[in-house]
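Fold and geometry: a report
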Amino acid sequence: IDITTIPDNYGPETPDVFFLLKDGNNVLYTSITQESDPPLVWTFNLVLDSTKSYTIEVWDDDSPITANDELGTVTIPGTGTGTVIGTVPGERSRS
(Lines give C-alpha, C1' and ligand atoms only; values in the text may rest on other atoms or scores of the structure.)
Protein backbone atom coordinates (compact mmCIF):
# COMPACT_ATOMS: atom_id res chain seq x y z
CA ILE A 1 0.00 0.00 0.00
CA ASP A 2 1.44 3.38 -1.02
CA ILE A 3 0.04 6.76 0.01
CA THR A 4 1.65 9.47 -2.08
CA THR A 5 -0.25 12.53 -0.89
CA ILE A 6 -2.83 13.55 1.69
CA PRO A 7 -5.35 16.25 0.71
CA ASP A 8 -4.61 19.63 2.28
CA ASN A 9 -8.16 19.90 3.62
CA TYR A 10 -6.98 17.72 6.48
CA GLY A 11 -5.44 20.60 8.44
CA PRO A 12 -2.04 21.96 9.42
CA GLU A 13 -0.77 18.84 11.22
CA THR A 14 0.71 15.80 9.50
CA PRO A 15 -1.66 12.88 10.18
CA ASP A 16 -0.39 9.66 11.79
CA VAL A 17 -1.70 7.29 9.13
CA PHE A 18 -2.79 3.67 9.38
CA PHE A 19 -5.20 1.58 7.32
CA LEU A 20 -7.66 -1.26 7.76
CA LEU A 21 -8.14 -3.90 5.05
CA LYS A 22 -11.73 -5.09 5.30
CA ASP A 23 -13.99 -7.76 3.85
CA GLY A 24 -17.39 -6.21 4.51
CA ASN A 25 -17.44 -5.45 8.23
CA ASN A 26 -14.60 -7.88 9.01
CA VAL A 27 -11.16 -6.38 9.57
CA LEU A 28 -8.62 -8.67 7.90
CA TYR A 29 -5.52 -6.56 8.51
CA THR A 30 -4.59 -3.48 10.54
CA SER A 31 -1.39 -1.73 9.53
CA ILE A 32 1.13 -0.11 11.81
CA THR A 33 0.81 3.66 12.16
CA GLN A 34 3.29 5.77 10.22
CA GLU A 35 4.07 9.18 11.67
CA SER A 36 5.70 11.01 8.79
CA ASP A 37 4.90 12.98 5.65
CA PRO A 38 3.98 11.03 2.49
CA PRO A 39 4.98 9.03 0.62
CA LEU A 40 4.03 6.26 3.04
CA VAL A 41 4.54 2.59 2.15
CA TRP A 42 3.37 -0.63 3.80
CA THR A 43 4.28 -4.10 2.50
CA PHE A 44 2.41 -7.24 3.54
CA ASN A 45 1.27 -10.59 2.11
CA LEU A 46 -2.31 -11.82 2.29
CA VAL A 47 -4.20 -14.29 0.15
CA LEU A 48 -7.48 -12.67 -0.92
CA ASP A 49 -10.54 -14.35 -2.37
CA SER A 50 -10.57 -13.50 -6.08
CA THR A 51 -14.39 -13.49 -6.14
CA LYS A 52 -14.67 -10.65 -3.60
CA SER A 53 -13.95 -6.95 -3.36
CA TYR A 54 -12.24 -5.43 -0.36
CA THR A 55 -12.02 -1.98 1.16
CA ILE A 56 -9.03 -0.12 2.48
CA GLU A 57 -10.01 2.46 5.08
CA VAL A 58 -7.33 5.09 5.69
CA TRP A 59 -7.28 6.70 9.15
CA ASP A 60 -5.43 9.35 11.15
CA ASP A 61 -4.50 7.86 14.53
CA ASP A 62 -5.44 10.34 17.25
CA SER A 63 -5.84 7.82 20.07
CA PRO A 64 -5.84 7.91 23.02
CA ILE A 65 -6.40 11.70 23.11
CA THR A 66 -9.37 11.95 20.71
CA ALA A 67 -11.23 9.73 18.25
CA ASN A 68 -9.44 8.70 15.05
CA ASP A 69 -10.22 10.68 11.88
CA GLU A 70 -11.28 8.79 8.76
CA LEU A 71 -9.35 10.05 5.74
CA GLY A 72 -11.21 7.94 3.18
CA THR A 73 -11.89 4.53 1.68
CA VAL A 74 -10.76 2.80 -1.51
CA THR A 75 -12.27 -0.42 -2.94
CA ILE A 76 -9.92 -3.03 -4.42
CA PRO A 77 -10.58 -6.33 -6.23
CA GLY A 78 -9.34 -9.59 -4.71
CA THR A 79 -7.87 -10.73 -8.03
CA GLY A 80 -4.15 -11.18 -8.54
CA THR A 81 -1.46 -8.60 -7.94
CA GLY A 82 -0.95 -5.22 -9.44
CA THR A 83 -1.75 -1.59 -8.90
CA VAL A 84 -5.04 -0.06 -7.86
CA ILE A 85 -5.09 3.72 -7.73
CA GLY A 86 -7.62 5.46 -5.55
CA THR A 87 -8.18 8.89 -4.09
CA VAL A 88 -9.36 9.58 -0.58
CA PRO A 89 -11.03 12.93 0.15
CA GLY A 90 -9.26 13.77 3.41
CA GLU A 91 -10.84 14.13 6.83
CA ARG A 92 -14.54 13.20 6.66
CA SER A 93 -15.69 12.31 10.14
CA ARG A 94 -14.74 11.20 13.58
CA SER A 95 -15.42 7.68 14.78
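Throughout this document, residue positions are counted from 1 along each chain, in the order its sequence is written. Under the rules for a predicted model, residues below a pLDDT of 70 receive no local features and side-chain atom pairs below 80 are neither given nor counted, while totals for whole chains, interfaces and linings still include all residues. Side-chain numbers here rest on the full set of heavy atoms in the structure, without hydrogens or water.

1. Focus on the confidence of the model for the protein chain
- Across the protein chain, the average pLDDT comes to 82, with 80% of residues at 70 or higher.
- For the protein chain, per-element mean pLDDT is lowest for strand β7 (residues 93–94), which scores 47, and highest for strand β3 (residues 26–30), which scores 95. You can read pLDDT as the predictor saying how much it trusts each residue, on a scale of 0 to 100. Where helices and strands are cited, they refer to DSSP runs of H or I of at least four residues and of E of at least two residues respectively, numbered from the N terminus.

2. Considerations on the pattern of salt bridges
- Between Lys or Arg on one side and Asp or Glu on the other, a salt bridge is scored when a side-chain nitrogen of the former is within 4 Å of a carboxyl oxygen of the latter. In the structure shown here, the tally under the stated rule is two salt bridges.
- Glu-57 is paired through a salt bridge with Lys-22; the nearest N and O atoms lie 3.2 Å apart. Taken together, the positions of Glu-57 in strand β5 (residues 53–60) and Lys-22 in strand β2 (residues 17–23) put the pair 35 residues apart, joining distant regions of the chain. Considered together, Glu-57 and Lys-22 belong to a single accessibility category, that of buried residues. Residue exposure (1.4 Å probe, protein chains only): buried if accessible area is under 20% of the type maximum, exposed if over 50%, otherwise partly exposed.

3. Points about the pairing of β2
- Among the seven residues in β2, seven count as buried, and that is most of the element.
- The side-chain alternation of β2 yields two buried faces, one formed by Val-17, Phe-19, Leu-21 and Asp-23 and the other by Phe-18, Leu-20 and Lys-22.
- Strand pairing follows a simple DSSP-based rule, namely that at least 2 bridges must link the two strands. Pairing of β2 with β5, which is carried by six bridges, proceeds in the antiparallel orientation. The residue bridging Leu-20 from the neighbouring strand is Glu-57, located in β5.
- As judged from the four bridges shared by β2 and β3, these two strands associate in the antiparallel manner. When the sheet's bridge partners are listed, Leu-20 is paired in β3 with Thr-30.
- Between the end of β2 and the start of β3, which pair antiparallel, lie two residues, with Gly-24 showing a positive phi angle near 70°.

4. Notes on the pairing of β5
- Most of β5 sits out of view: six of its eight residues are buried.
- Where β5 and strand β6 (residues 69–77) come together, eight bridges link them in antiparallel fashion. In the strand pairing of β6, Asp-60 is matched with Asp-69.

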